[in-house]
Amino acid sequence: MSSEDAREKAPVEPFRVGLLGLGTVGAAFAGLLEERADEIERFNGRRPEICGVLTRTRGDFEEILAEADLLVELIGGIEPAREYLLTAMRSGKDVVSANKQLLSQHGEELFETARQHGVRLRFEAAVAGVVPVVRVLEESLSATPIERVHGIVNGTTNFILTEMDRGSSYAEALAEAQRRGFAEADPSDDVSGRDAAAKMAILARLAFGTPVHLNDVRYEGIEHLHATDLEYARELGLGLKLIGTAERRGGGLSVRVHPAFLYSGHPLASVSGTFNAVTVESEVITEITMSGPGAGGRQTAAAVLGDVVSVMTGGAQPPAAPLALPLIEDVESAFYLHFDVADRPGVLAAITQVLGEAGVSIKSVVQRGMGENARLVMVTHPVLQSSLRTAIDRVAAFEFVRSAPRAIRVIEEEFI
Ligand SMILES: NC(=O)c1ccc[n+]([C@@H]2O[C@H](COP(=O)([O-])OP(=O)(O)OC[C@H]3O[C@@H](n4cnc5c(N)ncnc54)[C@H](OP(=O)(O)O)[C@@H]3O)[C@@H](O)[C@H]2O)c1
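Rules behind the numbers
Residues numbered from 1 in each chain as written. Predicted model: local features only at pLDDT ≥ 70, side-chain atom pairs only at ≥ 80, totals over all residues. Heavy atoms only, no water. Pairing = 2+ DSSP bridges. Helix = DSSP H or I, 4+ residues; strand = E, 2+ residues; numbered from the N terminus. Near = heavy atom within 4 Å. Polar contact = N/O pair within 3.5 Å; in protein donor to acceptor, adjacent residues only side chain to side chain. Areas by Shrake-Rupley, 256 points an atom, 1.4 Å probe, with all protein chains shown as cover. Nonpolar A, V, L, I, M, F, W, Y, C, P; charged D, E, K, R; others polar. Contact = heavy atoms within 4.5 Å. Core = buried A, V, L, I, M, F, W, Y, C linked by side-chain atoms within 4.5 Å. Buried < 20%, exposed > 50% of the residue type's maximum accessible area, 1.4 Å probe, protein only. Arc of directions from axis to C-beta.

**Focus on the sheet that holds strand β1 (residues 15-20)**
Strand pairing in a sheet relies on backbone hydrogen bonds, with the paired strands running either antiparallel or parallel.
Point 1. In spatial order, the strands read β2-β1-β3-β4-β5; together these five strands make up an open sheet with parallel pairing. Both edges of this open sheet fall to β2 (48-54) and β5 (121-122), since each of them pairs with a single strand only.

Encoded structure:
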């Protein structure tokens with residue numbers, strides 16, 4: 001056999017994956033990698049295999065790092081996941097993570113380390129479940145100037161809102177989500193909007209190249225929504241969703257999460273149950289919407305394995321240097337307003353006067369009920385949220401107002 005033949009026939013080294021964390025996603029990832037290894041080897045030439053596993057009771061990080069071509073971090077939380085990822089990248093290893101908490105709070109440190117050491121940092125599974133939005137933003141749309149990203153990026157809250165739309169109360173819908181394993185025993189990160197805010201910080205960084213920390217994202221949750229808000233939504237031909245938004249506004253960037261009414265024609269209005277979806281808007285592409293399952297061990301593992309294959313095939317690059325759009329907090333929006341009031345002459349006039357003085361102009365008004373239990377529902381034209389807050393606080397102080405007024409944003413813009 002000539003030395004050339006021997007070289008051709010030499011077995012190709014496996015691609016060694018060090019796995020940190022063997023919980024819901026880690027175990028599913030290990031199983032999926034084994035199932036798919038033949039197929040990945042067939043089109044890629046190298047066979048992925050797990051060279052070591054770290055849990056709280058098993059494995060040694062330094063040994064796994066020394067062996068591995070790439071590390072997959074599926075531990076979650078900040079430490080020790082952060083330290084492990086930084087150490088791996090500093091030793092020249094590519095890394096994959098599904099850790100939205102870490103990326104939304106220490107993203108710049110991680111991106112900068114990846115850039116300095118010329119390694120890949122992949123995190124498709126950290127945002128919007130299985131929906132491949134990270135790759136689409138980084139690769140397919142990398143030449144497209146993006147104006148706005150809207151997302152339903154938390155499956156738990158979308159499930160709760162879907163159940164409320166079918167007539168459940170908030171408490172019943174949350175209990176059902178917990179019974180079916182979609183919500184944690186302590187659901188506060190989901191229902192407060194904080195989980196969605198972490199994902200929007202990561203998405204905003206991708207879409208606009210600007211570092212966005214979780215603390216920069218203003219968020220409101222769904223805990224204060226009432227079944228009646230969804231009833232009105234149906235009547236007005238609107239859907240009610242927890243929407244994350246990252247958009248250019250007047251030379252700056254606004255990133256926020258809040259419940260919002262959407263007109264029924266909006267591509268996110270029909271996304272129901274635990275599904276996630278992201279709409280990317282740009283003058284060039286008009287609008288692209290991607291949707292898919294929001295979570296689940298096996299689904300998340302599929303996104304993680306996709307990242308591993310992308311590194312193996314050289315499809316991913318180290319992160320680009322950041323830009324810096326200023327972050328803007330106070331933005332204009334149309335609002336739905338709900339007031340429980342005593343039904344007396346002059347009530348509507350008093351409220352509209354206060355709103356008018358704050359520059360809030362009313363688009364439509366519906367009045368329901370009689371006596372001490374009347375309800376006024378209004379939809380405003382776009383107004384700065386600070387102006388609206390001032391007006392609402394003044395209305396809340398009227399003695400004829402029976403409970404705290406509710407204000408929910410309405411997304412009514414046509415696509416660009
Ligand atoms: N679950 C989902 O559907 C989902 C969806 C999208 C993204 N994610 C993300 O995926 C990541 C993993 O989530 P998961 O649900 O699989 O978590 P999990 O079930 O709690 O598993 C965590 C794993 O990490 C290990 N671990 C914890 N602390 C450790 C430490 N100090 N040192 C070494 N190992 C440690 C645990 O070890 P032990 O086995 O010894 O306890 C366990 O194997 C998180 O970042 C999460 O946000 C999850």
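**Quick notes on the site of the ligand**
Point 1. Close contacts around the ligand come from 20 residues, with Leu22, Gly23, Thr24, Val25 and Arg56 the closest.
Point 2. Residue leucine 22 places a main-chain N or O atom 2.8 Å away from an oxygen atom belonging to the ligand.
Point 3. Burial of the ligand by the protein amounts to 73% of the accessible area it has alone, namely 920 Å².
Point 4. The residue inventory of the shell around the ligand, partitioned by class, reads nine nonpolar, nine polar and two charged.

**Side note on the environment of glutamine 385**
Point 1. The residue glutamine 385 is located in helix α14 (residues 385-396) in this model.
Point 2. Spatially, the C-alpha atom of glutamine 385 lies 9.9 Å from that of alanine 407, the residues being 22 residues apart in sequence.
Point 3. Sequence-distant contacts of glutamine 385, defined by excluding residues within four places in its chain, comprise Glu329, Asp330, Val331, Phe335 and Arg409.

**With respect to the nonpolar core**
Point 1. Counting residues in each nonpolar core, the largest one holds 80 residues, and the members touching the most others are Leu71, Leu121, Phe123, Val133, Leu137, Ile160 and Leu203.
Point 2. Ranked by the residues each element gives to this core, the list is headed by helix α10 (residues 194-208), at 11 residues.
Point 3. For phenylalanine 123, the contacting residues outside a window of four places in its chain are Ser97, Leu103, Phe111, Val134, Glu138, Ile202, Leu206 and Asp307.
Point 4. Residues Val96, Val308, Val311 and Met312 belong to the second largest nonpolar core, which totals 22 residues.

**Here's the deal with helix α13 (residues 347-357)**
Point 1. Every buried residue belonging to α13 is among Val347, Ala350, Ile351, Val354 and Leu355, and all of these are buried. Angularly, the buried residues of α13 cover 130° about the axis, an arc narrow enough to put them on a single face.
Point 2. Residues of α13 that are buried in the fold lie against β12 (332-341), β13 (362-368), β14 (374-380) and α14.
Point 3. Following α13 by one or two positions, glycine 359 adopts a phi angle in the positive range, close to 80°.

**Structural notes on the pairing of strand β9 (residues 252-263)**
Point 1. The element β9 is extensively covered by neighbouring structure, given that 11 of its 12 residues are classed as buried.
Point 2. Note that strand β7 (residues 218-219) and β9 share two bridges and pair parallel. Looking across to β9, one finds that arginine 218 is bridged to arginine 256.
Point 3. Here strand β8 (residues 238-249) runs beside β9; their pairing, made up of 12 bridges, is antiparallel. If you follow threonine 245 over to β9, its bridge partner there is arginine 256.
Point 4. Hairpin remark: β8 followed by β9, antiparallel, with two residues in the connecting loop; positive phi at glycine 250, about 50°.
Point 5. The sheet contact formed by β9 and strand β16 (residues 406-411) spans three bridges and is parallel. Each residue of the ladder has a partner; that of leucine 262, found in β16, is isoleucine 411.

No statement about biological role is implied by the geometric values presented.
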